[in-house]
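Okay, here's what each chain looks like letter by letter:
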Amino acid sequence: KQEVTQIPAALSVPEGENLVLNCSFTDSAIYNLQWFRQDPGKGLTSLLLIQSSQREQTSGRLNASLDKSSGRSTLYIAASQPGDSATYLCAVNPRAGGATNKLIFGTGTLLAVQP
Amino acid sequence: GAGVSQSPSNKVTEKGKDVELRCDPISGHTALYWYRQRLGQGLEFLIYFQGNSAPDKSGLPSDRFSAERTGGSVSTLTIQRTQQEDSAVYLCASSLFRSGGAGEQFFGPGTRLTVL
C-alpha cells in the first residue's frame, strides 16, 4: 500500500532564507508526483508536476526534484517570502493495476515565513 | 479561464439529512475527482470519473455516498443519512485525460460540510 510522508510537519524560517521540504513514498511505481500549496480555508493550488521519467521541474523560485528509485522528492524554495506561508502537500499518482488516477497525499508541511 | 468551482461553499446540516455537493470542472477536462479532508487529517480520495463513468469508486467510505456526472461536465456528490463523521471539506479536482496516469489535477475551493 502506497504511503506518503512529509518531513518536517512544520517549519518556521526568517524571510529571505532558502528552504527544502521533503516528501517520501513507499512504492516507486508511480506515474507522477505533484506539489501543492494550501492556504487556510482554501482549496489546493498546483505548484509543480513531475512525471516519473523526469528528475526535476522548476517554476520561478520553486524547484522540485524526484528520485523515484529511492522514493523521495524535495521542494526547494529560494529566497522565501512571507507570502509563501502555507501548508505544502505532495501527492503521488500510483501506477496501480486497473484504471485509477487517484492521488495519494502526504499530511503536509506547515510553513511560516517570518518577516 | 475559469477554474474548478464548487457549491455550496459551506453546508450545515442535521444528522440524518441528505446533502448534495456540486462540482463544475474546468471546461474540456474529461477527468474529475472527489477528495475529502477531515479536520487534522490528510486528503482522502473518494471517486474518479472519466467522462460520465467512474472506473474507480474505491474511496467511497460507505453506501451512503454516491456520485454521478452528467454531460461529461458537472458532478454531484450525494451523502445520504449524514453522520457527524461525515463532517469534512469535500474537494473536487479535474484534469485533462492522459493515457498513462493522471494529468495535472486542479482543485476547486471545496465545500465545508458540518453535520450537527
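Keep in mind that this is a model prediction, so the values were computed, not measured. (Residues numbered from 1 in each chain as written. Chains lettered and ligands numbered in written order. Predicted model: local features only at pLDDT ≥ 70, side-chain atom pairs only at ≥ 80, totals over all residues. Heavy atoms only, no water.)

Engineer: Can you help me understand the overall build of chain A in this one?
Structural biologist: In terms of regular secondary structure, chain A is built from 0 helices and 11 strands. Reading the secondary structure of chain A in the N-to-C direction produces β-β-β-β-β-β-β-β-β-β-β. Compactness check: chain A gives a C-alpha radius of gyration of 14 Å against a globular reference of 13 Å for 115 residues, within 12% of the reference. The buried share of chain A, taken over its 115 residues, is 46%. Total accessible area on chain A stands at roughly 5300 Å², and carbon and sulfur atoms take up 49% of it. For chain A, the centre of its 9 positive side-chain charges and the centre of its 8 negative side-chain charges are spaced 8 Å apart. (Helix = DSSP H or I, 4+ residues; strand = E, 2+ residues; numbered from the N terminus. Rg over C-alpha atoms; globule rule 2.2 N^0.38 Å. Buried < 20%, exposed > 50% of the residue type's maximum accessible area, 1.4 Å probe, protein only. Areas by Shrake-Rupley, 256 points an atom, 1.4 Å probe, with all protein chains shown as cover. Lys, Arg positive; Asp, Glu negative; His and termini not counted. Charge placed at Lys NZ, Arg CZ, Asp CG, Glu CD.)

Engineer: Before we go on, may I ask you to explain the pattern of salt bridges in this structure?
Structural biologist: As a working rule, side chains carrying opposite charge can pair if their charged atoms are close by. Residue and element names in this part refer to chain B. According to the stated counting rule, one finds 7 salt bridges over all chains in the structure shown. Arginine 36 is paired through a salt bridge with glutamate 44; the nearest N and O atoms lie 3.3 Å apart. For glutamate 44, a relative accessible area of 25% gives the class partly exposed. The salt bridge involving arginine 38 is made with glutamate 44; its shortest N-O contact spans 3.4 Å. Using a relative accessible area of 22% as the deciding quantity, one classes arginine 38 as partly exposed. (Salt bridge = Lys/Arg side-chain N within 4 Å of Asp/Glu carboxyl O.)

Engineer: Quick question: what am I supposed to make of the state of the cysteines here?
Structural biologist: In a disulfide, the sulfur atoms of two cysteines are held together by a covalent bond. Taken as a whole, this structure holds 2 disulfides over all chains when the rule is applied. One disulfide in the model links cysteine 23 of chain A with cysteine 90 of chain A; its S-S distance is 1.9 Å. Here cysteine 23 of chain A and cysteine 90 of chain A share a disulfide; its torsion about the S-S bond, 70°, makes the bridge right-handed. Residue cysteine 23 of chain A is found in strand E3 (residues 19-25), and its partner cysteine 90 of chain A is found in strand E9 (residues 86-94); the two are separated by 67 residues along the sequence. The disulfide partner of cysteine 23 of chain B is cysteine 92 of chain B, and the gap between their sulfur atoms is 1.9 Å. The S-S bond linking cysteine 23 of chain B to cysteine 92 of chain B shows a torsion near -65°; that makes this disulfide left-handed. One end of the pair, cysteine 23 of chain B, is in strand E3 (residues 19-24); the other, cysteine 92 of chain B, is in strand E9 (residues 88-95), with 69 residues separating them in the sequence. With respect to class, cysteine 23 of chain B is no different from cysteine 92 of chain B; both count as buried. (Disulfide = S-S within 2.5 Å.)

Engineer: Looking at this model, I keep getting lost on the nonpolar core. Mind explaining?
Structural biologist: By size, the foremost hydrophobic cluster in this structure holds 23 residues, and its most contacted members are Phe25, Leu33, Trp35, Leu75, Ile77, Tyr88 and Leu111 of chain A. Secondary-structure elements contributing two or more residues to this core are E3, strand E4 (30-38), strand E5 (44-51), strand E7 (62-67), strand E8 (72-77), E9 and strand E11 (109-114) of chain A. Among the nonpolar cores identified, the runner-up in size contains 19 residues, and Cys23, Leu32, Trp34 and Leu46 of chain B belong to it. (Core = buried A, V, L, I, M, F, W, Y, C linked by side-chain atoms within 4.5 Å.)

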